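Each chain is listed here by its residues.
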Amino acid sequence: MVSTSPTTDALGTPVPVLSFSPVVLDVPGRPVDLEVRVSAPVTGTSLPVILLSHGHGPSNNLSSLNGYAPLANFWAAHGFVVVQPTHLTSRTLTDLVADAPGAPDFWRSRAEDMTHVLDRLEVIENAVPQLAGRIDPTKVALAGHSLGGFTAALLLGAGLTDPATGNLVHLFEPRIKAGVLLAPPGRGGKVFNGPMAEHWPVIGAVDFSTMTAPALVVTGDKDDPRHFTDMGPDWHADPYTLAPGPKALLTLFDAEHGLGGIAGYDAAETTDENPERVAALARLTAAYLRAQLHPGDNAWQTTHEALTTGPNPVGRLESK
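What you see is a predicted model, and the numbers here were worked out from it, not measured in a lab.

Visitor: I'm lost on the overall build of the chain in this one. Help?
Guide: The helix and strand tally for the chain stands at nine helices and twelve strands. A compact globule built from 320 residues should have a C-alpha radius of gyration of about 20 Å, and the chain, at 18 Å, falls within 12% of that. Each of the three principal axes of the chain carries a C-alpha extent, and together these read 50 × 45 × 35 Å. Per-residue burial over the chain gives 56% buried out of 320 residues. Once local pairs closer than 6 in sequence are excluded, the contacts in the chain between residues at least 24 apart make up 73%.

Shown next as structure tokens:
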């Protein structure tokens, strides 16, 4: 097992977390209100923000503001305000939005949810007890898992050719300074040849060449995307491989699509349950985003050296 004492020192001592939900935002034209969960440390000021975009998955409630507690709680305990919207793709909303424009993938709406959150960040801040005046709105990062990684790519600058119109769409959000893409989808084209490709053409419609914002792409070397492609686990690294720098790629050893269980505590769909891997990933992502939002912070260097080198690394890291 990898020692975590150096990373504990680098990230500081965790503090208690306040989690508040739902904060409800009325968004004109959206078929249902936008609901978000906010998790924040009980102490600290000028706090940076992480927007967290959920994936899909078989569970009924983890694809919502109620998912990803292993990451959200850790990030909040180490100084971030984590904002989690329930996207229209959530299983909790299926019966309400099945016939709404944009169904079933709601790719544009998912990205727009994050823009709505940023537009009304002060409203959200004032709605959460003990949080008013403690957020730094200039320090915003974004994380997304699986379909959330797809959403993150668009907000970080990737283009998308709308399968319905053929038009090139850019949803880049300049207020987001850096991102973490967790097990994201990869390229389209000839390799986009799996049985689900024709049902989700938008997944293969992304152009990563314009994704210029700094990002950490996290993949599992056992994450087999055969339902979309026969390219193998390397497909999930495409947002790193095909995008310009600055980027980092963390490949977790023996990890599958759940990356050890990030979608929820003891989640049934986690085929590769590994609490130690989840803990290491939480530390690595927190350290990466801290360094991106606070230039000069050494937590990323210290943390990745502790966890990706030595006799028992959790994965390998490369960058460009």
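Now, onward.
Visitor: Help me understand the layout of surface pockets, please; the structure alone is not making it clear to me.
Guide: Rolled over the atoms, a probe sized like a water molecule indicates the empty space that remains. There is about 690 Å³ of room inside the largest pocket. Around the largest pocket, the lining is made up of 30 residues, and of these His56, Gly57, Ser146, His227 and His257 lie nearest the centre. Of the residues contributing to the lining of the largest pocket, the split by class is 14 nonpolar, twelve polar and four charged. A volume near 400 Å³ is recorded for the second largest pocket. Partitioned by chemical class, the residues of the lining of the second largest pocket number 13 nonpolar, four polar and six charged.

Visitor: Hey, could you run me through the sheet that holds strand E2 (residues 34-41) in this one?
Guide: Spatially, E1-E2-E4-E3-E5-E8-E10-E11-E12 is the arrangement adopted by the nine strands of the open sheet, whose pairing is mixed. On the outer flanks of this sheet lie strand E1 (17-25) and strand E12 (315-319), each paired with one strand and no other. Each strand axis lies, on average, 20 degrees off the axis of its neighbour in the sheet, ignoring direction. In this sheet, E2 lies alongside E1 in antiparallel orientation, the contact comprising seven bridges. Opposite leucine 18, over in E2, you have alanine 40 as the bridge partner. Running over the sheet, helix H4 (residues 107-119) touches E2, strand E3 (47-53), strand E4 (81-85) and strand E5 (135-145) and is turned about 155 degrees from E3.

Visitor: Explain the pattern of salt bridges to me, please; I cannot follow it from the model alone.
Guide: Note on pairing: side chains with opposite charge can pair once their charged atoms come close. Under the counting rule described, the total for this entry stands at eight salt bridges. As a salt-bridge pair, aspartate 119 and arginine 175 come within 2.9 Å of each other at their nearest N and O atoms. Of the two residues, aspartate 119 is situated in helix H4 and arginine 175 in the loop between strand E7 (168-170) and strand E8 (178-182); the sequence distance between them amounts to 56 residues. Under the relative-accessibility criterion, arginine 175 is labelled partly exposed at 30%. In this structure, arginine 187 and aspartate 238 form a salt bridge, with 2.8 Å as the shortest nitrogen-oxygen distance. With arginine 187 in the loop between E8 and strand E9 (206-207) and aspartate 238 in helix H7 (residues 238-241), this pair connects stretches of sequence that are 51 residues apart. The class of aspartate 238 is buried, set by a relative accessible area of 1%. Connected through salt bridges with shared partners, the residues Asp119, Glu173 and Arg175 form a single ionic network.

Visitor: Got a minute to help me understand empty space enclosed by the protein in this structure?
Guide: The tally for this structure, following the rule as stated, stands at one cavity of 30 Å³ or more. Counted as a void, the largest cavity has a volume near 40 Å³. Looking at the largest cavity, the residues that line it are Gly149, Phe150, Ala153, Leu181, Pro184, Pro185, Gly186, Ile203, Val206, Phe208 and Pro239. Counting residues per element, the lining of the largest cavity draws most heavily on helix H6 (residues 147-155), at three residues. When the residues that make up the lining of the largest cavity are grouped by side-chain class, the tally is nine nonpolar, two polar and no charged.

Visitor: Where do I start with the side chain of threonine 308 in this structure?
Guide: Relative to the assigned elements, threonine 308 resides in helix H9 (residues 299-308). Here threonine 308 falls in the buried class, since its relative accessible area comes to 13%. Among the polar contacts made by the side chain of threonine 308, one reaches the main-chain carbonyl oxygen of histidine 304 at a distance of 2.5 Å. Every residue in contact with threonine 308, bar those within four places of it in the chain, is listed here: Leu250, Pro313, Gly315 and Leu317.

Basis of the calculations
Residues numbered from 1 in each chain as written. Predicted model: local features only at pLDDT ≥ 70, side-chain atom pairs only at ≥ 80, totals over all residues. Heavy atoms only, no water. Helix = DSSP H or I, 4+ residues; strand = E, 2+ residues; numbered from the N terminus. Rg over C-alpha atoms; globule rule 2.2 N^0.38 Å. Buried < 20%, exposed > 50% of the residue type's maximum accessible area, 1.4 Å probe, protein only. Contact = heavy atoms within 4.5 Å. 1 Å grid on protein atoms, 1.4 Å probe; cavity = no way out; pocket = protein on both sides within 12 Å on 5 of 7 lines; lining within 4 Å. Points joined across faces, edges and corners; volume = space filled by probe spheres on them. Nonpolar A, V, L, I, M, F, W, Y, C, P; charged D, E, K, R; others polar. Pairing = 2+ DSSP bridges. Axes fitted to C-alpha atoms, helices over the stretch in contact; angles between N-to-C directions. Salt bridge = Lys/Arg side-chain N within 4 Å of Asp/Glu carboxyl O. Polar contact = N/O pair within 3.5 Å; in protein donor to acceptor, adjacent residues only side chain to side chain.

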